[in-house]
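Coordinate analysis (summary)
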Amino acid sequence: MAKPVVLIAEELSPATVEALGPDFDVRSVDGTDRPALLAALAEANAILVRSATQVDAEAIAAAPHLQVVARAGVGLDNVDIKAATTAGVMVVNAPTSNIISAAELTVGHILSLARHIPAAHAALAQGQWKRSKYTGVELFEKTVGIVGLGRIGALITARLQAFGVNVVAYDPYVTPARAQQLGVTLLSLDELLATADFVTIHMPKTPETTGMIGLEQMKAMKPTAFVVNVARGGLIDEADLYTALTTGEIAGAGLDVFTSEPPVDQALLGLENVVVTPHLGASTDEAQEKAGVSVAKSVRLALGGELVPDAVNVAGGVIDPYVRPGIPLLEKIGQVFAGLADSPLTSIDVEVRGDLVEHDVSVLKLAALKGVFTNIVSESVSYVNAPLLAEQRGITVRLLTDPTSEEYRNVLTIRGSLSDGGQISVSGTLTGTKQVEKIVEINGYDVEVPIAAHHLVMVYGDRPGIVAVYGKEFGDAGINIAGMQIARRSAGGQALSVLTIDSPAPDELLETVRVAIDAQLLREIDVTL
């Protein structure tokens with residue numbers, strides 16, 4: 001039999017080819033040469049790329065034998081994941097390959113800001129000896145605030161503690177026990193900004209976190225403080241940052257990522273109190289080699305028909321076709337579940353009820369955890385690191401099965417306990433011949449809502465006229481309500497309303513509605529479909 005064809009579309013380390021082994025027909029093509037790429041894809045079973053090759057719908061359509069797209073790195077902006085999933089093509093990346101490199105670059109930016117290293121170098125290279133102008137500060141006994149205490153945040157903590165700094169952090173999903181284990185004090189974001197001498201951000205980029213550090217937050221910081229972003233472009237509002245830097249609201253900034261790359265705001269880049277690098281977080285020999293070797297191993301697993309832990313869209317391996325549709329359903333339920341959590345999780349139960357339990361459903365626990373962490377950590381989440389993310393946060397996880405399902409053939413539930421003593425649950429199922437993904441329960445309220453990109457979940461006292469109140473507010477704001485369902489346990493008690501809306505609702509509007517209906521809970525939840 002002919003060996004499977006593995007296409008390498010960009011320069012990768014020799015270790016990558018070695019990791020593939022002798023079982024494949026390894027071919028090379030210039031991924032930026034579009035005609036050559038499309039021609040080579042005609043026989044490819046797998047393709048390995050970095051960031052320059054566009055694996056879009058056209059490329060996937062040109063590859064009738066393609067089983068896996070492997071990105072030797074973290075970001076997947078150049079891969080059309082939806083088109084790949086529709087075609088049954090697995091997409092894998094290397095989610096942990098760059099975490100040490102990113103942590104070290106963050107420390108480098110902090111040191112560069114503290115000691116004015118780039119500016120001092122530039123002056124001396126031009127023959128200017130300006131010792132007094134570039135007097136800096138020591139890190140010793142300073143306070144470093146980490147916004148997002150995930151894997152990279154934990155690595156930064158360990159490295160900075162050697163300098164004798166005090167580390168504080170803001171992360172609503174980290175328990176006090178985990179923070180204590182790391183030697184970190186948890187604070188609210190406002191407290192962190194007011195306290196820290198250096199603020200470094202390590203959050204995922206979501207509608208909620210985009211622009212999370214704006215002028216208001218920078219005004220709350222010390223005028224001697226510095227801010228660093230080596231995570232995602234857009235977490236800091238760049239226009240507000242320019243204002244804060246030029247008016248003395250903060251002392252300086254270190255940026256490796258930008259809203260547009262290459263960045264278009266040359267005024268910001270030209271400031272002397274800004275240290276910039278061209279998105280070098282993963283640009284080390286070690287990170288690149290780790291990425292290549294990691295995805296090569298994933299390609300071997302995928303083409304061998306085994307479970308692929310780093311798959312970002314589908315789980316490979318011997319998974320029963322009856323179980324497989326539950327994977328994307330649970331990932332979406334996990335996102336809804338995480339959106340309802342208002343304090344750190346301490347435990348998660350993944351419950352599978354119905355005739356699904358006759359099959360191996362262990363992959364569903366991984367899918368649930370992947371969904372829970374997708375929008376709350378800065379690193380890419382996969383089947384391999386999702387359990388580790390739970391472990392790092394001190395969250396116990398169980399998979400529970402029950403062959404009995406009273407209302408639906410199968411029901412999948414994620415149930416969790418919070419550090420403040422609260423509990424949340426979200427259940428879903430697949431209905432009809434089209435296997436429509438639906439939410440069928442939230443916190444004990446029975447609903448039946450098709451999963452969409454934008455939902456609002458509200459809990460309020462059941463009384464006449466409430467729907468008219470919030471319907472008018474959303475209508476006046478131009479937010480179209482595409483669907484709505486209200487559930488209650490008793491007349492005049494608490495009611496839960498789930499709205500499906502066509503576009504995200506501004507925070508100001510949500511606060512207006514919350515006050516108008518005296519809502520005990522009002523949460524917008526965005527789901528990656």
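Our subject in this report is the structure included herewith. Only a predicted model underlies this, so the values are computations on that prediction, with no experimental measurement involved.

What follows covers the overall build of the chain. Within the chain, the regular secondary structure consists of 18 helices and 22 strands. Relative to its length of 529 residues, the chain is compact, with a C-alpha radius of gyration of 25 Å against a globular reference of 24 Å. The C-alpha extent of the chain, read off along each of the three principal axes, is 80 × 70 × 45 Å. The 529 residues of the chain split such that 52% are buried. Accessible area of the chain: about 23,000 Å², with a carbon and sulfur share of 52%. Across the chain, 38 positive and 62 negative side-chain charges occur, with their mean positions spaced 2 Å apart.

Another point: the packing of aromatic side chains. We describe a pair of aromatic rings using the distance from one ring centre to the other and the angle between the two ring planes. In the structure shown here, the tally under the stated rule is two aromatic pairs. With centroids separated by 5.2 Å and ring planes inclined at 15 degrees, the aromatic side chains of phenylalanine 198 and phenylalanine 226 adopt a geometry described as stacked. Of this pair, phenylalanine 198 sits in strand S9 (residues 198-201) while phenylalanine 226 is found in strand S10 (residues 226-229), placing the two residues 28 residues apart along the sequence. Across the pair, phenylalanine 226 and phenylalanine 198 agree in class, each one buried. Stacked on the ring of tyrosine 445, the Lys or Arg arginine 489 has its end atom at 4.0 Å from the ring centre.

A word on the layout of surface pockets. Of the volumes computed, that of the second largest pocket is approximately 1,600 Å³. For the second largest pocket, the lining is made up of 45 residues, of which Glu208, Thr209, Asp507, Arg523 and Glu524 are closest to its centre. Residue assignment for the lining of the second largest pocket shows that the elements contributing at least two residues are helix H9 (189-195), helix H10 (215-220), helix H14 (326-340), helix H18 (507-517) and strand S22 (521-526). When residues of the lining of the second largest pocket are assigned to their parent elements, the largest contribution, six residues, is made by S22. Across the lining of the second largest pocket, the residue classes tally to 23 nonpolar, 10 polar and 12 charged.

A cluster of nonpolar side chains, contributed by Val467, Met484 and Ile486, occupies part of the molecular surface with about 230 Å² of accessible area. Position of isoleucine 486 relative to the elements: it lies in strand S20 (residues 481-488).

With five of its five residues buried, strand S6 (residues 143-147) lies for the most part within the structure. Neither face of S6 is open: one carries Thr143, Gly145 and Val147, the other Val144 and Ile146, and all of them are buried. With five bridges joining them, S6 and strand S7 (residues 166-170) adopt parallel strand pairing. Within S7, the position partnered with valine 144 by the bridge is valine 167. Following the backbone out of S6, through helix H7 (residues 151-161) and into the adjacent parallel S7, one traces a crossover that is right-handed. Pairing of S6 with S9, which is carried by four bridges, proceeds in the parallel orientation. Bridging across to S9, glycine 145 finds its partner in valine 199.

Take the nonpolar core next. When a protein is soluble and globular, its nonpolar side chains tend to lie buried together. Counting residues in hydrophobic clusters, the biggest one holds 50 residues, and the most contacted among them are Leu330, Leu340, Ile348, Leu364 and Phe373. For leucine 364, the contacting residues outside a window of four places in its chain are Val323, Gly326, Ile327, Leu330, Val350, Val352, Leu356 and Leu412. Within the second largest apolar cluster, 29 residues are counted, among which are Ile146, Leu155, Ala179 and Val275.

In this section: helix H5 (residues 99-115). Along an α-helix, residues three or four positions apart point the same way, because every turn accommodates 3.6 residues. With 17 residues, H5 extends 25 Å between its outermost C-alpha atoms, agreeing within 8% with the 24 Å of an ideal straight helix rising 1.5 Å per residue. The buried count for H5 comes to 12 of 17 residues, which makes it a mostly enclosed element. Within the sequence span of H5, burial applies to Ile99, Ser101, Ala102, Ala103, Leu105, Thr106, Val107, His109, Ile110, Ser112, Leu113 and Ala114. Just downstream of H5, histidine 116 is the residue with a positive phi angle, here 55 degrees.

In this section: the sheet that holds strand S13 (residues 345-354). One open sheet holds the six strands; their spatial order is S14-S13-S15-S16-S17-S18, and the pairing between them is mixed. Bordering the open sheet on either side are strand S14 (396-402) and strand S18 (445-450), each of which pairs with just one other strand. With strand direction ignored, the average angle separating the axes of adjacent strands in the sheet is 20 degrees. Across the face of the sheet, H14 comes into contact with S13, strand S15 (410-418), strand S16 (423-431) and strand S17 (436-442) while running at roughly 150 degrees to S16. Sheet contacts for helix H15 (residues 362-373): S13, S14 and S15; angle to S13, the most-contacted strand, approximately 135 degrees.

Look at the link from glutamate 261 to proline 262: it is a cis peptide, with omega at 0 degrees. Here proline 262 lies in the loop between strand S11 (252-255) and helix H12 (266-269). With phi around 55 degrees, histidine 279 is a residue other than glycine that occupies positive phi space. Here histidine 279 is to be found in the loop between strand S12 (274-276) and helix H13 (285-303). Phi angles above zero are rare outside glycine, and aspartate 518 is one such case at about 55 degrees.

Definitions and cut-offs
- Residues numbered from 1 in each chain as written.
- Predicted model: local features only at pLDDT ≥ 70, side-chain atom pairs only at ≥ 80, totals over all residues.
- Heavy atoms only, no water.
- Helix = DSSP H or I, 4+ residues; strand = E, 2+ residues; numbered from the N terminus.
- Rg over C-alpha atoms; globule rule 2.2 N^0.38 Å.
- Buried < 20%, exposed > 50% of the residue type's maximum accessible area, 1.4 Å probe, protein only.
- Areas by Shrake-Rupley, 256 points an atom, 1.4 Å probe, with all protein chains shown as cover.
- Lys, Arg positive; Asp, Glu negative; His and termini not counted.
- Charge placed at Lys NZ, Arg CZ, Asp CG, Glu CD.
- Phe/Tyr/Trp six-rings, centres within 6.5 Å; stacked < 30°, edge-to-face > 60°.
- Lys NZ or Arg CZ within 6 Å of the ring centre and 35° of its normal.
- 1 Å grid on protein atoms, 1.4 Å probe; cavity = no way out; pocket = protein on both sides within 12 Å on 5 of 7 lines; lining within 4 Å.
- Points joined across faces, edges and corners; volume = space filled by probe spheres on them.
- Nonpolar A, V, L, I, M, F, W, Y, C, P; charged D, E, K, R; others polar.
- Patch = residues over 30% accessible without salt bridge, like charges linked within 9 Å, V, L, I, M, F, W, Y side chains within 5 Å.
- Salt bridge = Lys/Arg side-chain N within 4 Å of Asp/Glu carboxyl O.
- Pairing = 2+ DSSP bridges.
- Right-handed = clockwise from strand over helix to strand, strands pointing away.
- Core = buried A, V, L, I, M, F, W, Y, C linked by side-chain atoms within 4.5 Å.
- Contact = heavy atoms within 4.5 Å.
- Expected span 1.5 Å × (residues − 1).
- Axes fitted to C-alpha atoms, helices over the stretch in contact; angles between N-to-C directions.

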